[in-house]
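Chain by chain, the residues:
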Amino acid sequence: MIGVYLRLYWEFFKTGLFAVGGGMATLPFLQNIGETTGWYTYGDLMNMLAVSESTPGPIGINMATYVGFTVGGAPGAIIATLGEVTPSIVVILIVAAILRSFRDNVYVDWAFYGLRPASTGLIGAACASVVLEVLTSVEKVSQGTGIWNRFILKGDDLFRWHGLLLAALLLALTNWVKPTKKLHPIVFIALSAVVGVVFGFAGA
């Protein structure tokens, strides 16, 4: 069991170390963990994303706690979460100690300039994965099959029309319909959950 705990810490340590740009930027790393360890499926990751976006806390932390608990119980949850946050704590302490001295350093400016597109790319890849999973019937296959056949069409229809209609409806209600655009986001999250349950019972 100690080996499992060490693996949990190491996998989520790497996620916390290289995920630049916030919670959504951790999705490619989390997907890779699922594929290499078998701890969870891509569908599990998408479900956890939905839970994380409707509850407090970034997806990386929530996922570390969730996976750690399912793999190693309460100790596993604590160890995986510690692995996720350790790099951030270390980096923040280092930055806080030296930022005053390097605030106007041109090399530091260049480094941050290079990090911005990296963050954008990670977040964009995460968004593309979510769109493919939720709004289309395109399914990602194993990384080992090559770049040209990493996606397959699952089912007869390319788009999941129920998901597209719900997304369009939420977009309209939150941006253009005056009586609803000022409602708290939790209202739309709750309504979406209800619609998901209805679709599930209807076999959509």
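Going by the structure above, here's the rest.
First, a word on what this report is: a plain description of the structure on this page. Bear in mind the structure is a predicted one, so any value in this text is a computation, not a measurement.

Here's the deal with the packing of aromatic side chains
Across all of its chains, the model carries four aromatic pairs by this definition. The interplanar angle of 15° and the centroid separation of 6.1 Å between the aromatic rings of W10 and F13 together place this pair among those described as stacked. A residue pair is termed a helical-turn pair when its members lie 3 or 4 positions apart in one helix, as W10 and F13 do in helix α1 (residues 2-18) at three residues. Ring centres 5.4 Å apart and planes at 85° place the aromatic pair Y107 and W110 in the edge-to-face group. Of this pair, Y107 and W110 are both found in helix α5 (residues 106-135), three residues apart, which corresponds to roughly one turn of the helix. Among the aromatic residues, those joined into a cluster by ring pairs are Y9, W10 and F13.

Notes on the pattern of salt bridges
A full pass over the atoms with the stated rule returns two salt bridges. Among the salt bridges present, the one from E11 reaches R7, with a minimum N-O distance of 2.8 Å. One end of the pair, E11, and the other, R7, are both in helix α1, four residues apart, so they sit about a helical turn from each other. For R7, a relative accessible area of 35% gives the class partly exposed. E11 is paired through a salt bridge with K14; the nearest N and O atoms lie 3.5 Å apart. In this pair, E11 and K14 both sit in helix α1, three residues apart, roughly one turn of the helix. Exposure remark for K14: the relative accessible area of 28% places this residue in the partly exposed category. A network of salt bridges, in which partner residues are shared, links R7, E11 and K14.

A word on the packing of helix α3 (residues 42-53) against helix α4 (residues 59-102)
At a minimum axis separation of 10 Å, α3 and α4 run at an interaxial angle of 125°. For the element pair α3 / α4, the angle class is oblique. In the crossing of α3 with α4, the sense of the turn from one axis to the other is right-handed. Here L45, M48, L49 and S52 of α3 come into contact with α4, specifically with I59, N62, M63 and Y66. Residues that form the contact of α3 with α4 fall into these classes: six nonpolar, two polar and no charged.

A word on the nonpolar core
Counting residues in hydrophobic clusters, the biggest one holds 18 residues, and the most contacted among them are F12, L27, L30, Y40, L45 and M63. Secondary-structure elements contributing two or more residues to this core are α1, α2 (27-37), α3, α4 and α5. It is α4 that contributes the most residues to this core, five residues altogether. Not counting residues within four places of it along the chain, the set of residues in contact with L45 comprises L27, L30, Q31, Y40 and M63.

Comments concerning the environment of I186
Looking at the element boundaries, I186 is found in helix α8 (residues 185-202). Taking the C-alpha atoms as reference, I186 lies 7.3 Å from S54; in sequence the two are 132 residues apart.

Brief notes about the side chain of T81
In this structure, T81 sits in helix α4. A polar contact is formed between the side chain of T81 and the side chain of T65, at a distance of 2.7 Å. In this view, T81 contacts I61, A64 and T65; residues no more than four positions away in its chain are not counted.

Criteria and cut-off values
- Residues numbered from 1 in each chain as written.
- Predicted model: local features only at pLDDT ≥ 70, side-chain atom pairs only at ≥ 80, totals over all residues.
- Heavy atoms only, no water.
- Phe/Tyr/Trp six-rings, centres within 6.5 Å; stacked < 30°, edge-to-face > 60°.
- Helix = DSSP H or I, 4+ residues; strand = E, 2+ residues; numbered from the N terminus.
- Salt bridge = Lys/Arg side-chain N within 4 Å of Asp/Glu carboxyl O.
- Buried < 20%, exposed > 50% of the residue type's maximum accessible area, 1.4 Å probe, protein only.
- Axes fitted to C-alpha atoms, helices over the stretch in contact; angles between N-to-C directions.
- Parallel < 35°, antiparallel > 145°, perpendicular 65-115°, else oblique.
- Left-handed = near helix turned anticlockwise from the far one by under 90°.
- Contact = heavy atoms within 4.5 Å.
- Nonpolar A, V, L, I, M, F, W, Y, C, P; charged D, E, K, R; others polar.
- Core = buried A, V, L, I, M, F, W, Y, C linked by side-chain atoms within 4.5 Å.
- Polar contact = N/O pair within 3.5 Å; in protein donor to acceptor, adjacent residues only side chain to side chain.

Geometric values such as these leave the question of function open.
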